[in-house]
Amino acid sequence: MKVILALADGTVFEGEQFGATGETVGEVVFNTSMTGYQEVLTDPSYNGQIVTMTYPLIGNYGCNEADVESIGPQVEGFVVREYSAYHSNWRSKWSLDTYLAEHNIIGIQGIDTRALTRRLRVHGVMNGCLSTEDLNPESLVAKAKAWRGLVGWDLVQRVTCPNPYAWQIGNQLPVTSNQKEFSLTDNGQRTTDSYKVVALDFGIKYNILRQLTEHGCEVQVVPAKTTAEEILAAEPDGVFLSNGPGDPMPVGYAIKTIQGLMGKKPLFGICLGHQLLGLALGGKTFKLKFGHRGANQPVKHFETDKVEITSQNHGFCVDIDSLPNSVDITHINLNDDTLEGIQHREYPVFSVQYHPEASPGPHDASYLFSRFTEMMKSYNTLRRK
């Protein structure tokens, strides 16, 4: 079936449909990862976006039940150069075509993804409309232009959990709860060999939860609008600020919560959580021209003077010059010198812009989860003294 991708600048790409049929709009972005397309599809940080994979062949190992980062695909649409209808992998359960169709995600193949990527790099990410129904280029360009875009839109409310839930070691999926109240106790008994962590869900990836539990944390995931008072009442050892989609500025309730937790509990933020922490500390954020999306971004860690190859997915960034003197810069992107990590000089607070949990991507920065547990251990020791 014929499908058309139209950009707001008037550029039109005609290709073949796979996955679902219909029509969708979103911000057209590109990802440079060679593998990990299922993790990309299910990453909530991509909500509101039509994702283009720069690697030319996608779908050859199919899709499975394990390589998911949320309850299902979060993208608005999916763009590839060549879709592989034949999938071969011992874990594969569905073809990519079937997987997208079941989750109502439109895919387009057979277009020049190199030309599309070059356009986005030169002119920046832009709105796009993807359709199998309306095949009038002028109409689709007009729809792309009319779409609201991501700036000023609180996308967190589209992806956060409706109720608290506990993440259990060894589970691929969350243990859900219909209770509005949450507690870090288990029948009134707290174990002493683990750390109790509340994770604010701004669009959290499952592999972050897996990493936290593997590093000795018992994690309770709570909705994005959970207040600082509610979190402190649960008496956690630390609070995690998750990744998530879109512009951090409209998520004012989360900024207020973080400010209420500052200095009272150890905090660790990733991606959107890093941006929200930056805003809570008095900094500012701005939109990147085409963002960082891929599994090969070089980041310098100032403390060790080493370069880490990192997985990234973000379109907004904290302005280094806007941060107060109480904040130290810990990591920087070597491609464009943008901010990748901060820590507070007085409080047990740190964050990174990239994804140390990978999925997909390298594991160079997995040490940050150990740093979080060590921070909670040190903080608890100081409090007892």
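Residues numbered from 1 in each chain as written. Predicted model: local features only at pLDDT ≥ 70, side-chain atom pairs only at ≥ 80, totals over all residues. Heavy atoms only, no water.

### Notes on the side chain of Gln74
Reasoning step 1: Here Gln74 lies in the loop between strand 5 (57-58) and strand 6 (77-79).
Reasoning step 2: For Gln74, a relative accessible area of 13% puts it in the buried group.
Reasoning step 3: In terms of polar contacts, Gln74 uses its side chain to reach the side chain of Ser70, at 3.0 Å.
Reasoning step 4: Polar contacts involving the side chain of Gln74 include one to the main-chain carbonyl oxygen of Gly72, which spans 3.4 Å. (Helix = DSSP H or I, 4+ residues; strand = E, 2+ residues; numbered from the N terminus. Buried < 20%, exposed > 50% of the residue type's maximum accessible area, 1.4 Å probe, protein only. Polar contact = N/O pair within 3.5 Å; in protein donor to acceptor, adjacent residues only side chain to side chain.)

### Section: the sheet that holds strand 8 (residues 106-109)
Reasoning step 1: An order of 1-2-8-6-4-3-9 is seen for the seven strands of this closed barrel, with the pairing classed as mixed. Averaged over all pairs of adjacent strands, the angle between their axes in this sheet comes to 35°, without regard to strand direction.
Reasoning step 2: As paired strands, strand 3 (residues 23-31) and strand 9 (residues 126-131) are joined by six bridges and run antiparallel to one another. Each bridged residue has a counterpart across the sheet, and for Thr24 the counterpart in strand 9 is Leu130.
Reasoning step 3: On top of the sheet, helix 3 (residues 113-123) reaches strand 1 (2-7), strand 2 (12-19), strand 3, strand 4 (49-53), strand 6 and strand 9; it is set at about 80° to strand 3, its chief contact.
Reasoning step 4: With respect to the sheet, helix 4 (residues 137-146) is in contact with strand 1, strand 2, strand 3 and strand 9, its orientation differing from that of strand 1 by roughly 45°. (Pairing = 2+ DSSP bridges. Axes fitted to C-alpha atoms, helices over the stretch in contact; angles between N-to-C directions. Contact = heavy atoms within 4.5 Å.)

### Brief notes about the confidence of the model for the protein
Reasoning step 1: When pLDDT is averaged along the protein, the result is 93, and 93% of the positions lie at 70 or above.
Reasoning step 2: pLDDT under 50 marks residues 175-180. Its contacts with residues more than four places away, or in other chains, come to twelve contacts. (pLDDT = per-residue confidence, 0-100.)

### Focus on the pairing of strand 18 (residues 327-333)
Reasoning step 1: Counting buried positions over the seven residues of strand 18 gives five, a clear majority of the element.
Reasoning step 2: Where strand 16 (residues 285-301) and strand 18 come together, three bridges link them in antiparallel fashion. Bridge assignment links His301 to a residue of strand 18, and that residue is His331.
Reasoning step 3: Bridge count between strand 18 and strand 19 (residues 339-344): five bridges; the pairing is antiparallel. Following the sheet pairing, Ile332 is matched in strand 19 by Leu339.
Reasoning step 4: Taken together, strand 18 and the strand that follows it, strand 19, pair antiparallel across an intervening segment of five residues, in which Asp337 is found at a positive phi of about 65°.

### Quick look at the packing of aromatic side chains
Reasoning step 1: Applying the stated rule across the entire model yields ten aromatic pairs.
Reasoning step 2: On the numbers, 5.2 Å between centres and 40° between planes, the contact of Trp167 with Tyr206 is tilted. Highlighted residues: Trp167 in strand 10 (residues 165-167) and Tyr206 in helix 6 (residues 206-214), separated in sequence by 39 residues.
Reasoning step 3: On the basis of relative accessible area, Tyr206 is assigned to the buried category, the value being 6%.
Reasoning step 4: In textbook terms, an aromatic cluster arises when at least three aromatic residues are bridged by ring pairs, as seen for Phe240, Phe268, Phe350, Phe369 and Phe372. (Phe/Tyr/Trp six-rings, centres within 6.5 Å; stacked < 30°, edge-to-face > 60°.)

### Examining the pattern of salt bridges
Reasoning step 1: Under the counting rule described, the total for this entry stands at 13 salt bridges.
Reasoning step 2: With its nearest N and O atoms 3.7 Å apart, the salt bridge here joins Arg158 to Glu76. With Arg158 in helix 5 (residues 156-159) and Glu76 in the loop between strand 5 and strand 6, this pair connects stretches of sequence that are 82 residues apart.
Reasoning step 3: Exposure remark for Glu76: the relative accessible area of 16% places this residue in the buried category.
Reasoning step 4: Taken together, the shared-partner salt bridges in this structure form one network comprising Glu23, Asp134 and Lys143. (Salt bridge = Lys/Arg side-chain N within 4 Å of Asp/Glu carboxyl O.)

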